[in-house]
Amino acid sequence: MFIGHYGPAAGFAGGRIKLWHGFIAVQFLDILWAPAVLLGVEHVRIVEGYTASNHFDLYHMPYTHSLLMAIVWSVVAGGAYRVLWRRAGMLGALLIGSLVFSHWVLDFFMHKPDLALWFGGPKVGLSLWDNRPLAVGMEFTLVIAGLGYYLTRTQSKGVFGLVAPAILFALMALAQIFGNFGPPPADAAQAAYSAITAYIVFAALAAWVDATRLPKSR
Ligand SMILES: [Zn+2]
């Protein structure tokens, strides 16, 4: 899954946690995955048409995408957030940990069985990527629902309060469509670099959105 991951982030942001914090959290496993691939710790093969939605044969990623390590990273990220952003409190840390873990849950629906339960354990995945209309529909439904809810829970400080989320959504939509309908990346390194670039750009735009909107007072 790609932009759909941002749905839960946006759904819970705007109050206790910032939107851009949520954006980093939901892609945390992939943010670790990109350098792991570049360093040769984990492996992906680019196979054109490997799934109906993309070209990734993600045959080895136990350190970032096994269920066991997803739990470990969720706890680590939640713990780090507790220390680094104390004002969000214990609840904020739990929220960040849960958002990190939501990545694995959503990947479980989309991926072919390439998600190991533990190192060398059985691999799982419900293969929704093999149904492109359904896969694309899920990505957009999640992100639109999450961002829509975020917009109702926050209020614009000025005109940019609407412009910034619109630009963020437009870029996410373009990246998603390119990923689903565009050509395969040249190689694993290019896949990793494009992924990490997208995550940085989206998180930066989310920080801009944070700066243009305020939580609604109840
Ligand atoms: Zn992933």
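See the structure shown above.
Before going into details, it helps to say that this report is about the structure given with it. (Residues numbered from 1 in each chain as written. Predicted model: local features only at pLDDT ≥ 70, side-chain atom pairs only at ≥ 80, totals over all residues. Heavy atoms only, no water.)

**Some points on the coordination of the zinc ion**
- Protein-derived ligands of the zinc ion are Asp30 (OD), His65 (NE2), His103 (NE2) and Asp107 (OD), with the metal-ligand distances lying across 2.1 to 2.2 Å.
- Classification of the site at the zinc ion rests on its four donor atoms, whose angles at the metal span 81 to 167 degrees, yielding the label irregular.
- On the primary sequence, the residues serving as donors to the zinc ion are separated as D-x34-H-x37-H-x3-D. One end of the pair, Asp30, is in helix α3 (residues 28-38); the other, Asp107, is in helix α6 (residues 89-110), and 77 residues separate them in sequence. (Donors = N, O, S within 2.8 Å, 3.2 Å for Na, K, Ca; no water. Tetrahedral: all angles 85-135°; square planar, octahedral: opposite > 155°, others 65-115°. Helix = DSSP H or I, 4+ residues; strand = E, 2+ residues; numbered from the N terminus.)

**As for helix α2 (residues 19-26)**
- By the criterion of burial, α2 is predominantly enclosed, with six of the eight residues buried.
- Along α2, the positions that sit buried rather than exposed are Leu19, His21, Gly22, Phe23, Ala25 and Val26. (Buried < 20%, exposed > 50% of the residue type's maximum accessible area, 1.4 Å probe, protein only.)

**A look at helix α5 (residues 67-84)**
- Compared with the 26 Å implied by 1.5 Å per residue over 18 residues, the 25 Å span of α5 between its first and last C-alpha is a close match.
- Within α5, the full set of buried residues consists of Met69, Ala70, Ser74, Ala77, Gly78 and Tyr81.
- Residues of α5 that are buried make contact with α2, α3, α4 (62-65) and α6. (Expected span 1.5 Å × (residues − 1). Contact = heavy atoms within 4.5 Å.)

**Points about a nonpolar patch on the surface**
- Side chains of Leu39, Val41, Tyr63, Leu68, Val72, Val76, Trp118 and Phe119 sit close together on the surface and give an oily, nonpolar patch of about 740 Å² of accessible area.
- Within the secondary structure layout, Tyr63 lies in helix α4.
- On the accessibility criterion, Tyr63 (39% relative accessible area) is partly exposed. (Patch = residues over 30% accessible without salt bridge, like charges linked within 9 Å, V, L, I, M, F, W, Y side chains within 5 Å. Areas by Shrake-Rupley, 256 points an atom, 1.4 Å probe, with all protein chains shown as cover. Salt bridge = Lys/Arg side-chain N within 4 Å of Asp/Glu carboxyl O.)

**Regarding the side chain of Arg213**
- Mapped onto the fold, Arg213 is located in strand β6 (residues 213-215).
- Buried charge without a salt bridge: Arg213, with Asp210 as the nearest opposite-charge side chain at an N-O distance of 8.6 Å.
- From its side chain, Arg213 meets the backbone oxygen of Gly161 in a polar contact 2.7 Å long.
- Among residues more than four places away in sequence, those in contact with Arg213 are Tyr150, Leu151, Thr154, Gln155, Ser156, Lys157, Gly161, Leu162 and Pro165. (Lys, Arg positive; Asp, Glu negative; His and termini not counted. Polar contact = N/O pair within 3.5 Å; in protein donor to acceptor, adjacent residues only side chain to side chain.)

Scope: geometric values only; no functional claims are made or implied.
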